[in-house]
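# Secondary and tertiary structure notes
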Amino acid sequence: MSTTQDATALMTSHAALPGAEQVLDSARLSALLGQEVALDRVRIKPGASVLVSFRALASAGATGPSTGCGRALADVGWALLVASPDKRDGVLRRAERTGAVVTEHRGDTPFLLSGGVDSDPRLGKQVHGVLRRLTGEPTPRVLSYNPSRHLVLDLPGTGEVLRVAARPLDDLLLISEQWQRLGIPTTPQRLWKGRPTVLVGEFWGCGDLATLAEDPQATAAAAGLGAAIARLHGADLSGLEPSAPELPAARIGGRVPCTTEVLDDLLPQRAEQVRELAMRLDQLLPTDRDGDRCLIHGDLSPDQVLLGAGTEIRVVDLDRSGPGPRGADLGSWIASCLSAGTDHLTGPFLRAYAEHLDLPEPAQLAAWTARALLAAALDPMRRHHPDWPLQVQQRLDQARRGLDAATDEALPALARVMAAHPGATVVSHRPGKRAVLRTRDRDGQVLYVKVANKGRTRRALGAIERATAFDGPFRTPQVVAAEDESLTFAALSGTPLHEGLPTADGTWQRAWRVTMDAWAQAVRTSRTAPPEGPLHGTAEEIAVLEKWHERASHVDPEGAEHRDRAVALARELLTHLPALDRPALIHRDLHDKQILWDPDQDPDQDQDHGPERGPGLLDVDTACLGDPALDAGNLRAHATWRERQGQWTGGQAAQVRAEIDRVCLGAGALGIDPAALAAYETATLARLTCLYALRPRWRAAATDLARILRTASSTPLRRSSAS
């Protein structure tokens, strides 16, 4: 079953309505409507209804996401599967009053209906009234459509945009006027032809910051937004005239988002994590009594910010704006940037904000960010992204990782570094041990900050000094700052080999061949003149394995039997290896995420290439002396695991193993002992079964791997497809 089919099956099961797959699957809905459509939004009320909006793909200008001129009105519509006869009758009755067309595809419960935006179950009357007043004018274009909620129309040739809602927009108009009085950049709104459910404003700008995130002016615009939001949060609302209407409270939902039940049903394997996250937020977030309340946007994200000429901006979609906790805006901005992959906009926003108002402490900022990630966790499903289960789980992981890092009392330096680098993204975190943050300096250069205790940082600097044999064959990160408890590195160009590369043109095999040749060169160089430093042998590797084994036992006791035997096999193989007579420089944690491939740095592209060319190699701060079979076995084991995860094909994994074997075991190769390669490969596989037992998403796959290892001998492990 494909990823899209899996996602549709999960939604169908959640809907608990016969025939739900007809509206939740684009192909089936297309067949039903007699035209090819794509789904844009999904709203499910289990056992009651499924409401979707769709766009036609066949007509000109209808493909892809909406552009500045939007989509044709006739290309946008809705479909509704509903169990209630009364609700079905209401939809048909309202459409009949306005003369709008609603098609009933099935007359038995649950009922299946569809139509255009002028027959929307709740918006139809308002839309019909707007279109009637526009008779003789150019047909409006649809900029945004959320069925039964709102419709945003571009009026061609007028420079105006209409917002049609299902409820009166008096509160939105009041908020918009307040923003204008405070001088916060937004687009002025007014009632359109006296209709309380329709507002008109200016069509402004070149697009939003989500779409234009890579624009040269985007980071400066984000900084301008940070300053504007600080002014908004710092505004004194007590000076409003006594006769002025009271501003409506920000519509941000409950203090702790109420998404737990739905997530439990859709992704039961994450239920425990979601409940734990909700409990932690309840403890960390301020109550209404002690909250820092001010005028907020309520849904701050890059797609709510329009970019004009230069760095000029307008903040739009003030539907949720009103008095509320300022942390909600800050967390919403950080969370939306994380989810959209635009986290380079976070730092400029927060730094500019901090020039006007103090930022919350890292733990509070992380809590508001986690809250926003949890509140928006289901957005990928609601927007019908084909891989929404993965995106939902990524948001949950981001929430937990950021919260864990900011509240790590055993690693207090981490909170201090996070405060010094507002908006930094937590790349990895081992509680009480170490963390890696990704940030940018004021010139926009990407930096990575590794945080650890003083002793570990000193050892890391020593390892970096020892790792000179890697420089030349590889490009390694430059240390740009060294503190007692942190090291800051410049970023390297390239894509991690973990993410895969094209195979048909030979790029994948080429990247791994160059990588393994570079590694072999480093091994030979270090054997000739071994650096001084600690030796990591079989005893040390067994100790590492035992630590992960113990950690997994506490988290996943159900998989302990299979892991115990896999670890015992690895321990036995390592114990029987002979003493190492030719140690070399080893990375000690070499895997596909540590290797970067940049085709522009391919050493064979330029015959006069210098030492700056070659694959990129990360985390050389673990380098020491040892058996190169450890690095090779680690790489081999990860190829096996990536295949089992479904992230690499069998062919990709086989090519990686072939390149490893070529430099380790082939003619004229490094002469690595095959038994050592098998032992270290087995040890890595056993360690991976422990590591991924800590990650609920991969726990079952890790148990399956342990089950295979417990019955395998060293020979089939080394050469069979099971490896």
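Residues numbered from 1 in each chain as written. Predicted model: local features only at pLDDT ≥ 70, side-chain atom pairs only at ≥ 80, totals over all residues. Heavy atoms only, no water.

To continue, consider the overall build of the protein chain. From N to C terminus, the protein chain includes 24 helices and 27 strands. The principal-axis extent of the C-alpha atoms belonging to the protein chain is close to 90 × 60 × 55 Å. The 723 residues of the protein chain split such that 52% are buried. Sequence separation of at least 24 residues holds for 70% of the intrachain contacts in the protein chain that already meet a minimum separation of 6. Of the roughly 31600 Å² of accessible surface on the protein chain, a fraction of 49% belongs to carbon and sulfur atoms. Across the protein chain, the centroid of the 82 positively charged side chains sits 3 Å from that of the 91 negatively charged ones. (Helix = DSSP H or I, 4+ residues; strand = E, 2+ residues; numbered from the N terminus. Buried < 20%, exposed > 50% of the residue type's maximum accessible area, 1.4 Å probe, protein only. Contact = heavy atoms within 4.5 Å. Areas by Shrake-Rupley, 256 points an atom, 1.4 Å probe, with all protein chains shown as cover. Lys, Arg positive; Asp, Glu negative; His and termini not counted. Charge placed at Lys NZ, Arg CZ, Asp CG, Glu CD.)

When the terminal C-alpha atoms of helix α18 (residues 538-555) are compared, their 26 Å separation across 18 residues agrees well with the 26 Å that a helix rising 1.5 Å per residue should span. Along α18, the residues that are buried comprise E541, I542, L545, W548, H549 and A552. Down the axis, α18 shows its buried residues gathered within 130° of arc, on one side only. Facing away from the buried side of α18, by more than 90 degrees, are the exposed residues A539, K547, E550 and H554. Buried residues in α18 make contact with β17 (425-430), β23 (535-536), α19 (560-575), α20 (628-645) and α22 (674-691). (Expected span 1.5 Å × (residues − 1). Arc of directions from axis to C-beta.)

A few words now on the sheet that holds β23. Backbone hydrogen bonds hold the strands of a sheet together, and the pairing may be parallel or antiparallel. Spatially, three strands are ordered β23-β27-β24 in an open sheet, and the strand pairing comes out mixed. Only two strands of the sheet have a single neighbouring strand rather than two, namely β23 and β24 (584-586). Here β23 pairs with strand β27 (residues 624-626) via two bridges, running parallel. The residue bridging H536 from the neighbouring strand is G626, located in β27. Packing of α20 onto the sheet brings it into contact with β23, β24 and β27, and relative to β24 it is tilted by some 35°. (Pairing = 2+ DSSP bridges. Axes fitted to C-alpha atoms, helices over the stretch in contact; angles between N-to-C directions.)

This part covers the pattern of salt bridges. In a structure, side chains of opposite charge can pair up when their charged atoms sit close to one another. Tallied over the entire structure, the rule returns 30 salt bridges. Here D379 ties to R382 by a salt bridge, and the two come within 3.2 Å at their closest N and O atoms. In this pair, D379 and R382 both sit in helix α13 (residues 379-382), three residues apart, roughly one turn of the helix. Look at D379 and you get partly exposed, because its relative accessible area is 27%. (Salt bridge = Lys/Arg side-chain N within 4 Å of Asp/Glu carboxyl O.)

The omega angle of the peptide bond from T109 to P110 is -5°, so this bond is cis rather than trans. For P110, the position within the fold is in the loop between β5 (102-106) and β6 (111-116). One non-glycine residue, K193, adopts positive backbone phi at about 50°. Tracing the backbone shows K193 in the loop between β10 (190-192) and β11 (195-202). For D317, which is not glycine, the phi torsion reads 55° and is therefore positive. Positionally, D317 belongs in the loop between β15 (313-315) and β16 (322-325). Residue classification places D317 among the partly exposed residues on the basis of a relative accessible area of 33%.

As a further point, take the packing of α19 against α22. Their axes nearest at 8 Å, the elements α19 and α22 cross at an angle of 155°. When the axes of α19 and α22 are compared, the pair comes out roughly antiparallel. In this structure, α19 meets α22 at a crossing whose hand is left-handed. Residues R563, A566, V567, L569, A570, L573 and L574 of α19 pack against A679, Y680, T682, A683, A686, T689 and C690 of α22. Its residues assigned to classes, the contact of α19 with α22 shows 11 nonpolar, two polar and one charged. (Parallel < 35°, antiparallel > 145°, perpendicular 65-115°, else oblique. Left-handed = near helix turned anticlockwise from the far one by under 90°. Nonpolar A, V, L, I, M, F, W, Y, C, P; charged D, E, K, R; others polar.)

The next point concerns the nonpolar core. L24, V50, L281 and W333 are the most contacted members of the largest nonpolar core, which has 97 residues in total. Core analysis: the next-biggest nonpolar cluster, separate from the first, contains 73 residues, F474, W519, A693 and W698 among them. (Core = buried A, V, L, I, M, F, W, Y, C linked by side-chain atoms within 4.5 Å.)

What the rule picks out here adds up to three cavities of 30 Å³ or more. Taken together, G90, V91, R94, A95, T98, A100, D118, S119, D120, P121, G124 and K125 make up the full set of residues lining the largest cavity. Ranked by residue count, the leading element in the lining of the largest cavity is helix α4 (residues 85-98), at five residues. Residues belonging to the lining of the largest cavity are distributed by class as follows: four nonpolar, four polar and four charged. (1 Å grid on protein atoms, 1.4 Å probe; cavity = no way out; pocket = protein on both sides within 12 Å on 5 of 7 lines; lining within 4 Å. Points joined across faces, edges and corners; volume = space filled by probe spheres on them.)

What follows deals with the environment of A579. Turning to its location among the elements, A579 is positioned in the loop between α19 and β24. On the basis of relative accessible area, A579 is assigned to the exposed category, the value being 75%. Taking the C-alpha atoms as reference, A579 lies 8.9 Å from T538; in sequence the two are 41 residues apart.

Residues K45, K87, R93, R94, R97, R122, K125, R149, R167, R251 and R320 make up a contiguous surface patch of positive charge. It is α4 that contributes the most residues to the positive patch, four residues altogether. Structurally, R122 can be placed in the loop between β6 and α5 (124-133). (Patch = residues over 30% accessible without salt bridge, like charges linked within 9 Å, V, L, I, M, F, W, Y side chains within 5 Å.)

Pairing within the open sheet is antiparallel, and its five strands lie in the order β1-β2-β4-β6-β5. Every interior strand has two partners, whereas the edge strands, β1 (37-45) and β5, have only one. On average, each strand axis in the sheet is tilted by 20° relative to the strand beside it, whichever way the strands run. Direction of pairing for strand β4 (residues 76-82) relative to β6: antiparallel, over a ladder of six bridges. If you follow A79 over to β6, its bridge partner there is S114. Lying over the sheet, helix α3 (residues 26-33) contacts β1, β2 (49-56), β4, β5 and β6, oriented at roughly 105° with respect to β1.

For β6, a buried count of five out of six residues is recorded, marking the element as mostly surrounded by other parts of the structure. In this structure, β5 lies alongside β6, joined through four bridges in antiparallel fashion. Across the sheet, the residue bridging to R106 is L112, located in β6.

Two elements in contact, helix α10 (residues 326-340) and helix α11 (residues 346-354), have axes separated by 10 Å at closest approach and are oriented at 160°. Classed by the angle they form, the pair α10 and α11 counts as roughly antiparallel. On the side of α10, the interface is formed by R326, L330, W333, I334 and C337, while α11 contributes T346, F349, L350 and Y353.

Turning our attention to the packing of aromatic side chains. Within the structure shown, the criterion is met by eight aromatic pairs. The interplanar angle of 45° and the centroid separation of 4.8 Å between the aromatic rings of W641 and Y692 together place this pair among those described as tilted. Taken together, the residues W641 in helix α20 and Y692 in the loop between α22 and α23 (699-710) connect sequence positions 51 residues apart. An aromatic cluster of at least three residues, connected via ring pairs, comprises W333, F349 and Y353. Taking the ring centre of F111 as reference, the NZ or CZ of R88 above it sits at 5.4 Å. Geometry around W548 places R551 over its ring, the cationic atom sitting 4.4 Å from the centre. (Phe/Tyr/Trp six-rings, centres within 6.5 Å; stacked < 30°, edge-to-face > 60°. Lys NZ or Arg CZ within 6 Å of the ring centre and 35° of its normal.)

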